[in-house]
Every structure is written in C-alpha cells, then in structure tokens.
Amino acid sequence: MAAKEEWSISDFEIGKFIGEGKFGKVYLAREKQSGYVVALKVIFKAKLEKYRSHAHLRREIEIQHGLNHPNVLRLFAWFHDETRVFLVLEYAARGELYKLLKSLHHFSEKRAATYVSSLAGALAYCHEKHVIHRDIKPENLLLDIEGRLKIADFGWAVQSNAKRHTMCGTIDYLAPEMVEKKEHDHAVDNWTLGILCYEFLYGVPPFEAEDEYGTFRSPAVSVEAKDLICKLLVKDSSKRLSLQKILKHPWIVTHADPSG
Ligand SMILES: COc1ccc(C(=O)Nc2ccccc2)cc1NC(=O)CCSCc1cnc2[nH]ccc2c1
C-alpha cells in the first residue's frame, strides 16, 4: 500500500465485520487504488473521551509507527473524521492463534518451537526499540495467510523508559513481579514466553487447575522443551533466559522452522 499524505474513509471499500474492541469495531477493508486488503479499526472519539484515552492512543500510534517486524502486526496508517479515528492495520487472514490451539488441543514441537522463536524474535526487536508489550497472550496472537505468527494487540504497549507498576492482562500469563505489584521491566515478556511455550505443548497454561482427574493430559514433550520452559519460569526475573539465549536454545534450533 503506497504511503499517502492524508487517507480518508472514501479510499476504502468496507468489507465484513471481523472483530470488536473496547473502543470500536474492526472491519475487513480494501484500499481502492491498490486493491490491498487491510483490517480497518474504527474508534469512536466519544469513547476516547469517555475513557480519557486520547494520549494512550496517540502514544500507541507513535510506538507502532516505529515498529516494522515480520511477527508484529503492522499499523500502516491512521486518519480521522469528525467523530472517528481509523487505524489501517495489517490483516492476518488465518485469525486467532488461540482458536487453532483449541482445535488442535496442543501444537507439535515443530509448530510450538516456530511460534516461540517468532515471539522471541519479535520481542527482542521490541525491546531494542524500548517497547515492552506486557500483554502477550494467545488472544493477542494472530496468524497471517502463510500461518506466520503476528503479535497483534498493543493495548498495553509502553515505552520502557521507567519501571512500570500498572497491572494488566489476565493473571495466567503475568510474571510474579507483576502479580506482586513489584517493579518490573521487559523480563516480564520472557516469563510469558515460558507460559505460552508450556500452553502450546500441553494445551493449558501451567498454573491452571488440573483437569477433573487431577492428571494433566501430557502429550510426549521432549526433555529439551521442558528445559527451556524451566529456564523461563524462574521467579527471579534476572535469572530468566534472555531472548537471545532462547533463540539459541537447542530445542528452538532443532525444531523451529526458519521461515517463521
Ligand atoms: C497494531 O495493532 C494495534 C494497534 C493499536 C490498537 C488500538 O486499538 N489501540 C488503542 C485504541 C484506543 C485507545 C488506545 C489504544 C489495536 C491494535 N491491534 C488490534 O486491535 C488487534 C488486531 S485488530 C486487526 C486484525 C487483523 N487481522 C485479523 N484477523 C482476524 C481478526 C483480525 C483483526
């Protein structure tokens, strides 16, 4: 999609409804000139007023404009009219990773390692740009037409200049220092990566109640995979495996598909 000074709603044909957020709806849309298909997020200014989220959205647009990574959902452009703000977002045609996990019950080691490797690469890129995501959970992960993982929701992205204290996200994925409202930094994402790796392989997060028979349906998981998970689910955030070390871990190196 070619860059343009000022986009407007008339540049797009609106397609089917594909999702709803707190601030508005998301539609499939086609940019008329190029035929490029995007996800168009419509945010009502009245809602931004009500939740006093103008600054949050502005900051998020700034953050997004600086990010360009194959595993981070792109924000191509934004524009507004009297009543609405429009975000022109990348469309991930295969939808929520979460739904795929539910339908497959658990992922193969190859698929799990590929997603963990994609996440580690995307997070390393974000941390380099001083952005902590802090809300990585399966619902915020989408899959594009090739099945490539896209971190999609930056509802909580912040510039990691100072230590952060605000709570966010569901408890399942929160690092201990966040649950205990201690100071935290980008190591929270490394903890979440451990939770997700476990959930990709077992189908449920590690600290969720065991199923009614008290035994986990534990598919055969390799020792290397367990080794990586144990090196991420470490309470002391300074002792968690770094993103660079995750990318070099034997389980990732032997199982992840390099094409992402
Ligand atoms: C980079 O991404 C985002 C950037 C900003 C915001 C946002 O709304 N910020 C905000 C709003 C108001 C106040 C403060 C901040 C949201 C997203 N991301 C999403 O909303 C999830 C994917 S929506 C697109 C999309 C694509 N591909 C799909 N395939 C299937 C469904 C689907 C859905």
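The sections below set out a description of the structure shown in this document.

Rules of the game
Numbering of residues starts from 1 in every chain and runs along the sequence as written. Since the coordinates come from a predicted model, pLDDT governs what is reported: local features require at least 70, and pairs of side-chain atoms require 80 or more to be given and counted, while whole-chain, interface and lining totals use all residues. Processing note: side-chain calculations cover all non-hydrogen atoms of the structure and skip hydrogens and water entirely. The way it works is that DSSP assigns letters per residue, a run of H or I at least four long becomes a helix, a run of E at least two long becomes a strand, and they are numbered from the N terminus. In this scheme, a residue with accessible area under 20% of its type's maximum is buried, one over 50% is exposed, and one in between is partly exposed, where area comes from a 1.4 Å probe on protein chains only. Each nonpolar core is a collection of buried residues, namely Ala, Val, Leu, Ile, Met, Phe, Trp, Tyr and Cys, held together in the definition by side-chain atoms within 4.5 Å. The contact criterion used throughout is that any non-hydrogen atoms of two residues lie within 4.5 Å. By the convention used here, strands pair only if DSSP detects at least 2 bridges between them. All axes here are fitted lines through C-alpha atoms, helices being fitted over the stretch that makes contact, and every angle between N-to-C directions spans 0 to 180 degrees. For each residue, the test is whether any non-hydrogen atom lies within 4 Å of the molecule or strand; if one does, the residue is near. Polar contacts, as used here, are pairs of N or O atoms within 3.5 Å; protein pairs need one atom able to donate a hydrogen and one able to accept it. Residues neighboring in sequence count only if both atoms are side-chain atoms. For every accessible area listed, the method is Shrake-Rupley and the probe measures 1.4 Å; residues are considered covered only by the protein chains on display. A cavity here means a set of points on a 1 Å grid, drawn over the protein atoms and nothing else, where a 1.4 Å probe fits but cannot get out; a pocket is an open set with protein on both sides within 12 Å along at least five of seven lines, and a residue lines either one if it has an atom within 4 Å of a point. If over half the atoms of a molecule are within 2 Å of the grid points of a cavity or pocket, the molecule is regarded as sitting in it.

## Focus: the overall build of the protein chain
Argument step 1. The helix and strand inventory of the protein chain stands at nine helices and nine strands.
Argument step 2. When each of the 260 residues of the protein chain is scored for burial, the buried share is 48%.

## Observations concerning the nonpolar core
The nonpolar side chains of a soluble globular protein tend to be buried, and buried together.
Argument step 1. Counting residues in hydrophobic clusters, the biggest one holds 49 residues, and the most contacted among them are F200 and I246.
Argument step 2. In terms of residue count, the dominant contributor to this core is helix α4 (residues 109-128) (11 residues).
Argument step 3. Contacts of I246, omitting those with residues within four sequence positions, involve V116, A120, L193, L228, L232, L241 and I252.

## So, the sheet that holds strand β2 (residues 25-31)
Argument step 1. The strand order across the open sheet built from five strands is β1-β2-β3-β5-β4, with neighbouring strands paired in antiparallel fashion. The open sheet is flanked by β1 (12-20) and β4 (75-80), the only strands paired with a single partner. For this sheet, the mean inter-axis angle between neighbouring strands, taken without regard to orientation, is 30 degrees.
Argument step 2. The strands touched by helix α2 (residues 54-65) within the sheet are β3 (37-44), β4 and β5 (84-89), with β4 carrying the most contacts at an inclination of about 145 degrees.

## Things to note about the pairing of β2
Argument step 1. Direction of pairing for β1 relative to β2: antiparallel, over a ladder of six bridges. Of the residues in β2, the one forming a bridge with F17 is Y27.
Argument step 2. Pairing between β2 and β3: five bridges, direction antiparallel. Along β3, the bridge assignment pairs Y27 with L40.
Argument step 3. Here β2 folds back onto β3 in antiparallel fashion, the turn holding five residues, of which G35 has a positive phi close to 80 degrees.

## Looking at the site of the ligand
Argument step 1. Around the ligand there are 20 residues in total, and K41, E60, E90, A92 and A152 lie nearest to it.
Argument step 2. For the ligand, an oxygen atom lies 2.7 Å from a polar atom in the side chain of K41.
Argument step 3. Relative to its free-state accessible area of 710 Å², the ligand is covered by the protein chains to the extent of 90%.
Argument step 4. In this structure the site holding the ligand corresponds to the largest pocket.
Argument step 5. Sorting the residues of the shell around the ligand by element identifies β3, α2 and β5 as the ones contributing at least two each.
Argument step 6. A per-element tally of the shell around the ligand places α2 first, with four residues.

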